[in-house]
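Coordinates in review
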Amino acid sequence: MRPDDLPRFRQSPTDPAFMADPYPAYERLRALGPVAFWEELGKPVLCGHAEVSAALRDRRFGREVTHLASREALGWDPIPERLAPFYAFEAHSLLEREPPVHTRLRKLVNRAFTSRAVAGLGPWIEGLAESLIDEFEPETELMERFATPIPLTVIADLLGAPVEAGPQMLEWSHDMVGMYQAGRDRAAEDRAVAATEAFSAFMRELIAQRRRRPGEALIDALIAAEDPSAEGGARLSEPELVTTCILLLNAGHEATVHAIGNAVRLVVEGGLDRAAFGRAGGERAVDECLRLDPPLHLFSRYALGEVEVAGLRLKLGEEVGLLLAAANRDPDVFADPARADFAREGADRHVSLGAGLHFCVGAPLARLEMRAALAVLFRRWPELRLAGPPRRSGRWHFHGHEALRIAS
Ligand code: HEM
């Protein structure tokens, strides 16, 4: 079947009711079969667990395709001059590249984030959570005072970026991810370009400082990195270094912020076991939260040639959307999928952290941060309740909250 022959699915991704609770729409989509054409996104999407998880691992799909064919040959419009700075930045992002570039960049950051490398960070993250809770008022804004500062402080500190620059980096990061927003407008594009330029200048300055006075953070390791397998033992180029640091800062906080917020809401509204995160096996509760209400719902892939998936035939450069959040609720894999069950066997089969080549490099850190934050929060505030209706963020590409007021 070609994309035009697929069942059609209609749903505005910017509809506030959809953004607040997209799951009923995903069930409508699932009823159409494992693959359908999402009109408003203009591409086919997969929603079954088997299909999504196979596509994530399928090397016939990639995050980029212009390494195989030019935009012109693909029939794509040229990149407008005004957006060039954003795409030049992205051209060095391991998230947007395929081997061999991906392999080289990923190898350089992999080691810093393995389970073993991050295992010792638990007590530090718990201490950070404790100190934030010390400052809580009886009614507190959880996103601003807890869910955001934990991941932001952790990744800034690990990377070696000044934690005081957190609010500024947060703003740049928000503006940059605006490029992935469904139905982005000119103003969002302009903000993304301006933020890319400002963040890159900030990062170049930081790198220059660290070259003069190296420290012991990840940025110093990246500056010093010499990849023996690269031709001539080349170091990371300066633009690669800038992009990698910014990618880690952006990817390293925003998803985790919303994963923490979403989990708190799930636990409180669902009357779930609050002590689960602090007990042995607490990872399972974290994974069940990640399965049920992940912060990132959709990633796309390009066909790197003629590819057939779930009966859909794609040509080189055609895109398919992978609906992670729908795959996580596939009844063929997860019994009674909409129900939260902290004892669920195989909760970690969710695809909220991806799979395959681009599997989240920060997964062990993200899980650790979530577990530490949630364990401490529910231990310190065991009677925690929501103070007023939660406010979902008006974005679908980051499914989370703008505000989540809590009371003790
Ligand atoms: C709960 C929090 C997180 C979620 C849900 C999440 C989710 C994801 C997903 C789904 C992907 C794969 C995208 C794709 O296949 O196209 C990914 C990749 C990535 N994540 Fe995470 N992530 C989280 C936290 C983090 C953290 C803490 C870091 C910091 C190191 C991080 C850094 C990255 C990077 C660098 C990539 C690109 C990997 C590659 O392309 O090889 N993420 N993440």
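Below you will find a few notes about this structure. (Residues numbered from 1 in each chain as written. Predicted model: local features only at pLDDT ≥ 70, side-chain atom pairs only at ≥ 80, totals over all residues. Heavy atoms only, no water.)

Formed by 82 residues in total, the largest nonpolar core has its most connected members in Phe146, Met203 and Phe277. If you tally residues by element for this core, the top one is helix 18 (residues 363-380), at ten residues. Residues in contact with Phe146, not counting those within four places in the same chain, are Ala129, Leu132, Ile133, Phe136, Glu141, Ile260, Ala373 and Leu377. Membership of the second largest hydrophobic core comes to 19 residues, among which are Val52, Leu312, Leu322 and Ala327. (Core = buried A, V, L, I, M, F, W, Y, C linked by side-chain atoms within 4.5 Å. Buried < 20%, exposed > 50% of the residue type's maximum accessible area, 1.4 Å probe, protein only. Helix = DSSP H or I, 4+ residues; strand = E, 2+ residues; numbered from the N terminus. Contact = heavy atoms within 4.5 Å.)

The next subject is empty space enclosed by the protein. Using the criterion set out here, one finds one cavity of 30 Å³ or more in the structure. Here the largest cavity defines a volume of roughly 50 Å³. Lining the largest cavity are Ala55, Leu56, Arg57, Asp58, Arg59, Phe61, Glu98, Arg301, Leu357 and His358. It is helix 3 (residues 49-57) that provides the largest number of residues to the lining of the largest cavity, a total of three residues. Of the residues contributing to the lining of the largest cavity, the split by class is four nonpolar, one polar and five charged. (1 Å grid on protein atoms, 1.4 Å probe; cavity = no way out; pocket = protein on both sides within 12 Å on 5 of 7 lines; lining within 4 Å. Points joined across faces, edges and corners; volume = space filled by probe spheres on them. Nonpolar A, V, L, I, M, F, W, Y, C, P; charged D, E, K, R; others polar.)

Taken together, 28 residues lie around the ligand, and His102, Arg106, Arg301, His358 and Cys360 are the ones closest in. The separation between an oxygen atom of the ligand and a polar side-chain atom of Arg106 is 2.7 Å. Between the ligand and the protein, one listed contact pairs an oxygen atom with a side-chain N or O atom of His358 at 2.6 Å. Elements that contribute at least two residues to the shell around the ligand include exactly helix 6 (101-110), helix 14 (238-251), helix 15 (254-270) and strand 6 (298-303). Considering only residue class, the shell around the ligand consists of 18 nonpolar, seven polar and three charged. (Near = heavy atom within 4 Å. Polar contact = N/O pair within 3.5 Å; in protein donor to acceptor, adjacent residues only side chain to side chain.)

Here the focus is the coordination of the iron atom of the ligand. On the protein, Cys360 (SG) is the one donor atom to the iron atom of the ligand, at 2.3 Å. With respect to the helices, strands and loops of the structure, Cys360 is situated in the loop between helix 17 (324-327) and helix 18. (Donors = N, O, S within 2.8 Å, 3.2 Å for Na, K, Ca; no water.)

This next bit is on the packing of helix 10 (residues 149-159) against helix 18. Contact pair helix 10 / helix 18: the axes reach a minimum separation of 11 Å and the direction vectors enclose 135°. As summarised for this structure, helix 10 and helix 18 are arranged oblique, according to the angle between their axes. Between helix 10 and helix 18 the crossing geometry is right-handed. Contacts from Ile150, Pro151, Val154 and Leu158 in helix 10 reach Leu365, Glu369 and Ala373 in helix 18. (Axes fitted to C-alpha atoms, helices over the stretch in contact; angles between N-to-C directions. Parallel < 35°, antiparallel > 145°, perpendicular 65-115°, else oblique. Left-handed = near helix turned anticlockwise from the far one by under 90°.)

Any two side chains of opposite charge can pair if their charged atoms end up close together. The tally for this structure, following the rule as stated, stands at 33 salt bridges. Ionic pairing is found between Arg265 and Glu269, a salt bridge with its closest N-O pair at 3.1 Å. Here Arg265 pairs with Glu269, and both are found in helix 15, just four residues apart, close to one helical turn. Judged by its relative accessible area of 18%, Arg265 falls in the buried class. In this structure, Arg392 engages Asp293 in a salt bridge whose closest nitrogen and oxygen atoms are separated by 3.0 Å. Placement of the pair is Arg392 in strand 11 (residues 391-392) and Asp293 in the loop between helix 16 (282-292) and strand 6, with a sequence separation of 99 residues. Like Arg392, the residue Asp293 is buried in the burial classification. Because the salt bridges share partners, they merge into one network encompassing Arg82, Arg184, Arg186, Glu189 and Asp190. (Salt bridge = Lys/Arg side-chain N within 4 Å of Asp/Glu carboxyl O.)

The next thing to look at is the packing of aromatic side chains. Evaluation of the coordinates by the stated rule reveals 17 aromatic pairs. Between Phe18 and Tyr26, the ring centres sit 6.1 Å apart and the planes meet at 80°, which makes this aromatic pair edge-to-face. Tyr26 shares its class with Phe18; the two are buried. Between Phe86 and Phe89, the ring centres sit 6.5 Å apart and the planes meet at 40°, which makes this aromatic pair tilted. Taken together, the residues Phe86 and Phe89, both in helix 5 (residues 84-90) and three residues apart, mark about one turn of the helix. Note on accessibility: Phe86 and Phe89 belong to one class, buried. Through a chain of ring-to-ring contacts, three or more aromatic side chains come together here, namely Phe9, Phe18, Tyr23, Tyr26, Trp38 and Trp396. Above the plane of the ring of Tyr23 lies Arg329, whose end atom (NZ or CZ) is 3.6 Å from the centre. (Phe/Tyr/Trp six-rings, centres within 6.5 Å; stacked < 30°, edge-to-face > 60°. Lys NZ or Arg CZ within 6 Å of the ring centre and 35° of its normal.)

Before going further, it helps to spend a moment on helix 6. Within an α-helix, residues lying three or four positions from one another point in the same direction, as the helix has 3.6 residues per turn. When helix 6 is considered as a whole, its buried residues turn out to be Val101, His102, Leu105, Arg106, Leu108 and Val109. Seen along its axis, helix 6 keeps its buried residues to an arc of 155°; they face one direction. Where the residues of helix 6 are buried, they touch helix 13 (218-224) and helix 14. (Arc of directions from axis to C-beta.)

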